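The primary structure of each chain is shown beneath.
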Amino acid sequence: MLDVCLLGTSGMMPLPRRALTALMTRYNGSSLLIDCGEGTQVSIREQGWSMHDIDLLCITHTHGDHVSGLPGLLMSMGNSDRKEPLRIVGPKGVRRVVEALRIIAPGLPFELEIEELTEPVCQIQGKGFVVNAFRVNHTVPCYGYSQVIERTGRFDVERAKAQDIPLAFWSRLQKGETIEENGKIYTPDMVLGGDRKGLKVTYCTDTRPLPIIAEQAKGSDLFICEGMYGEPDMQKKAKEKKHMMFAEAAQLAKQAEVGELWLTHFSPSLIRPDLFLDEARKIFPKTKPGKDRKTVELNFEEE
């Protein structure tokens, strides 16, 4: 089970009922946070979730509306007696920005492990999941992220018994470990069936549409994508500022064959995103407007 919460949906500046864009997911006791705009920790508290379990923070880019909530978040984590390191990943320049913001959040009781991404596509190992980072096209270096939870094949008890595999090795083989004992090698494929469908969530904002976005979002259960503008007369501005229209996000969702599309990172001028969904839904019917603390529980397919 993967819990997903879109903590904020505003681009550029927060509004009274719209915090700046951020996403949080929870899986098996570990939390992933993507971006940390102003208001992020307030949204986490209002959702009733905990900041203490955030192990990995992925920053899309270093514009203020995506990192301005970081000092407050770090201070709250410190005040809750956190001791475990926090890993922060982002594009080139994120180290300088985080260290500058720490000036107003000094004396943290935990370490920050900061990693700058430089390759067009790279993989980040989380706790029980992986995050695939992919570079997109904004005015500064910027990445989108896909959280992927893989699911191995079902353990076949009868096959394990038929091959006289010791019971003590079963759980280790189920976790993908190869075991050598008394000159005999036991491999996971001896007891596991074919891989089963896992879970995938892709988050992408502040970019023009690119083929790599559809490629990386392919087959996502949920695709959360920037819809900065919905009004038809904003196409020129979207191109100039390197943002996306609703219809462009919908086209990417269609190409990627995702389960559902949530639009986010709305322009402050876009007060009623729902009024501009018709064109996007003609392209991809399962297009929905994001809203602060919009939440979904994603579950593995039943067999």
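The structure displayed is predicted, hence computed values, not measured ones.

Draft legend 1. Fine view of helix H1 (residues 40–47). Of all the residues in H1, the buried ones are Thr40, Gln41, Ser43 and Ile44. End-on, the buried residues of H1 take up no more than an arc of 160°, which puts them together on one face. Of the residues in H1, the exposed ones pointing more than 90 degrees away from the buried face are Arg45 and Glu46. Looking at the buried side of H1, the elements it contacts are strand S1 (2–8), strand S2 (22–27), strand S3 (30–34), strand S4 (54–58) and helix H3 (70–79). Gly48, located one to two residues past H1, shows a positive phi value of around 85°.

Draft legend 2. Spotlight on empty space enclosed by the protein. Overall, the coordinates contain 1 cavity of 30 Å³ or more when judged by the stated rule. Of the pockets and cavities examined, the largest cavity occupies roughly 30 Å³. Taken together, Leu23, Thr25, Leu32, Ile34, Tyr145, Gln147, Val201, Thr202 and Tyr203 make up the full set of residues lining the largest cavity. Those elements that provide at least two residues to the lining of the largest cavity are S2, S3, strand S9 (143–151) and strand S12 (196–204). Considering each element in turn, the lining of the largest cavity owes the most residues, 3 residues, to S12. Taken together, the residues of the lining of the largest cavity break down into 6 nonpolar, 3 polar and no charged.

Draft legend 3. Structural context of unusual backbone geometry. Phi at Asp81 is positive, roughly 65°, even though this residue is not glycine. Summarising the element assignment, Asp81 is placed in the loop between H3 and strand S5 (86–91). Among the residues examined, Asp81 registers a relative accessible area of 55% and is labelled exposed. In this structure, Glu257 is a non-glycine residue whose phi angle is positive, near 55°. Inspection of the secondary structure assignment puts Glu257 in the loop between helix H9 (246–256) and strand S14 (261–264).

Draft legend 4. Structural detail: the environment of Val4. By the element assignment, Val4 lies in strand S1. A relative accessible area of 0% places Val4 in the buried class. Along the sequence, Val4 and Ile179 sit 175 residues apart, while their C-alpha atoms lie 36 Å from each other. Leave out the neighbours within four places in its chain, and Val4 touches Leu23, Met24, Thr25, Trp49, Val201, Leu222, Ile224, Lys294, Thr295, Val296 and Leu298.

Draft legend 5. Local environment of the sheet that holds S1. Overall, mixed pairing links the 7 strands, which are arranged S6-S5-S4-S3-S2-S1-S16 in an open sheet. Strands with a single pairing partner mark the edges of an open sheet, and in this sheet they are strand S6 (112–117) and strand S16 (294–298). Geometrically, the sheet is characterised by an average inter-axis angle of 15° between neighbouring strands, direction not taken into account. On the sheet, helix H4 (residues 94–101) packs against S5 and S6 and is oriented at approximately 150° with respect to S6.

Draft legend 6. Structural detail: H4. Listed in full, the buried residues belonging to H4 are Val94, Val97 and Val98. Within H4, the buried residues cover an arc of 95° as seen down the axis, which keeps them to one side. The inward-facing, buried residues of H4 abut helix H2 (64–67), H3, S5 and S6.

Draft legend 7. A look at the side chain of Asp65. Topologically, Asp65 is positioned in helix H2. One buried charge, Asp65, has no salt-bridge partner; the nearest side chain with opposite charge is Arg18, at 11 Å. Side chain to side chain, Asp65 and His265 meet in a polar contact 3.5 Å long. Once you skip the residues sitting within four places of it in the chain, Asp65 turns out to touch Gly11, Met12, Leu20, Gly37 and His265.

How each quantity is defined
- All residue numbers refer to position in the chain's written sequence, counted from 1.
- The predicted nature of this model means local features are confined to residues of pLDDT at least 70 and side-chain atom pairs, given and counted, to a pLDDT of 80 or more, with totals for whole chains, interfaces and linings taken over all residues.
- Neither water nor hydrogens contribute to the side-chain values; these are computed over all heavy atoms in the structure.
- Three labels apply to residues, based on accessible area from a 1.4 Å probe with only protein chains included: buried if under 20% of the type maximum, exposed if over 50%, partly exposed otherwise in between.
- Helix numbers and strand numbers start at the N terminus; a helix is a DSSP run of H or I with at least 4 residues, a strand a run of E with at least 2.
- By definition, the arc is the one covered by directions from the helix axis to the C-beta atoms.
- Note on definitions: a residue-residue contact is assigned when non-hydrogen atoms from the two residues lie within 4.5 Å.
- A 1.4 Å probe that fits into a set of points on a 1 Å grid over the protein atoms alone but cannot get out defines a cavity; an open set with protein on both sides within 12 Å along at least five of seven lines defines a pocket, and lining residues are those with an atom within 4 Å of a point.
- Grid points are joined across faces, edges and corners, and a volume is the space filled by probe spheres set on the points.
- Residue polarity follows a fixed list, in which Ala, Val, Leu, Ile, Met, Phe, Trp, Tyr, Cys and Pro are nonpolar, Asp, Glu, Lys and Arg are charged, and the others, Gly among them, are polar.
- Two strands pair if DSSP finds at least two bridges between them.
- Axis angles are defined between N-to-C directions and span 0 to 180 degrees, where every axis is a line fitted to C-alpha atoms and, for a helix, only to the segment in contact.
- Positive charges come from Lys and Arg, negative ones from Asp and Glu, while His and the chain ends are left out of the count.
- Here a salt bridge means any side-chain nitrogen of Lys or Arg lying within 4 Å of a carboxyl oxygen belonging to Asp or Glu.
- Polar contact is defined as a pair of N or O atoms within 3.5 Å, subject to the rule that within protein one atom must be able to donate a hydrogen and the other to accept it, and that residues adjacent in sequence are counted only when both atoms are side-chain atoms.

Geometry only, nothing functional implied.
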